[in-house]
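Chain and residue survey
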Amino acid sequence: MAKIVHREELAQGTIILNEIDAPRISRKAKPGQFVILQADETGERIPLTMADTDPEKGTITIIYMVVGKSTARFKDLKVGEEYYALIGPLGAPTHVEKLGKVVCVGGGTGIAVLHPIARALKNAGNEVTAILGSRTYDLLILEEKMREASDTLHICTDDGSMGHHGFVTDILKETIEKEDIALVVAIGPIPMMKFCSLITKEKGVKTMVSLNPIMVDGTGMCGCCRVSVGGKTKFACVDGPEFDGHQVDFDGLAKRLASYIDVEKQSMDAYNK
Ligand code: FES
């Protein structure tokens, strides 16, 4: 039952990698799909897109940032211990085809979600330019894996500690102005996906984003994960998690995600006592 077989602390111990024993999910999962995990019987159900799968070993890999009580509880689980529940694979897989030149933009733990998609796009014969961003170089994850999954790699840091001193959007803008790009995949914090989508919309470059709203059942029944896309309500767990970035109401999504901030803070404070 969802035993942790390998664990790593990445990026100053704030981002955690867990490789989990899950033979059936590892055989069925495709890039872009997610699982829902629960640390214990009363724990919150947390959706996480798989960073990797190994059908031969029968494992899946997830990477998450510790941001509240539930992820702090996940961080406490050691190798050999088990998640109480693991459900998946969920969501629609990424549509992968040979298009020509594609750009994959990743920020924060979004890079973990981006990696299998970039690899699949490269394996399908596309020329992949990767643009990765983080606040500081110490917080950048999966640089080598993304180098292998791309033809050109750019790193951007807010503090200038590595690569371009500035945002991923600066390099994205230069790239789509210089080259004929068939697709941009942008996965990361909501403001990053929003501004990447605004830039590509101006140029008419097709853009795909992966959304991670609050979820409960993950099967399209509770309505918790609803997002507005092109003025229509969509459920990220079954209609997504990937959507056309030019159609997503990012401001509405950010507002919904912030709904429980006070309760989350109280819960984290109580957990730390
Ligand atoms: Fe319940 Fe998507 S999580 S409908």
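None of the values given here were measured: they were computed from a predicted structure.

Spatial strand order, S1-S2-S6-S5: four strands in an open sheet with antiparallel pairing. Because the sheet does not close on itself, it has two edges, and the strands there are strand S1 (4–10) and strand S5 (52–54). Going across the sheet, the axis of each strand differs from the next one's by a mean of 15°, ignoring polarity. Of the strand pairs in this sheet, S5 and strand S6 (residues 59–65) are connected by three bridges, and their pairing is antiparallel. Note on S6: the bridge partner recorded for Thr53 is Ile60.

Below, the discussion takes up the domain arrangement of the protein chain. Each assigned domain of the protein chain is listed here: domain 1 (4–90) and domain 2 (101–257). Residue-level contacts link 19 residues of domain 1 with 23 residues of domain 2. Summing both partners gives a buried area of about 1,700 Å² for domain 1 against domain 2, and 64% of it is carried by carbon and sulfur. For domain 1, the biggest contributors to the area lost against domain 2 are Phe34, Arg45 and Pro47; these three give 23% of the whole. At the boundary of domain 1 and domain 2, one finds one salt bridge.

What follows is about the pattern of salt bridges. Going through the model one piece at a time under the given rule, you end up with nine salt bridges. Where Glu9 meets Arg7, a salt bridge forms, and the shortest distance between an N and an O atom there is 3.1 Å. In this structure Arg7 comes out as partly exposed when scored by relative accessible area, which is 23%. Here Glu144 and Arg147 are joined by a salt bridge, their closest N and O atoms 3.6 Å apart.

Definitions and limits used
- Residues numbered from 1 in each chain as written.
- Predicted model: local features only at pLDDT ≥ 70, side-chain atom pairs only at ≥ 80, totals over all residues.
- Heavy atoms only, no water.
- Pairing = 2+ DSSP bridges.
- Helix = DSSP H or I, 4+ residues; strand = E, 2+ residues; numbered from the N terminus.
- Axes fitted to C-alpha atoms, helices over the stretch in contact; angles between N-to-C directions.
- Domains from an automatic or database assignment.
- Contact = heavy atoms within 4.5 Å.
- Buried area = accessible area lost by both parts, 1.4 Å probe.
- Salt bridge = Lys/Arg side-chain N within 4 Å of Asp/Glu carboxyl O.
- Buried < 20%, exposed > 50% of the residue type's maximum accessible area, 1.4 Å probe, protein only.

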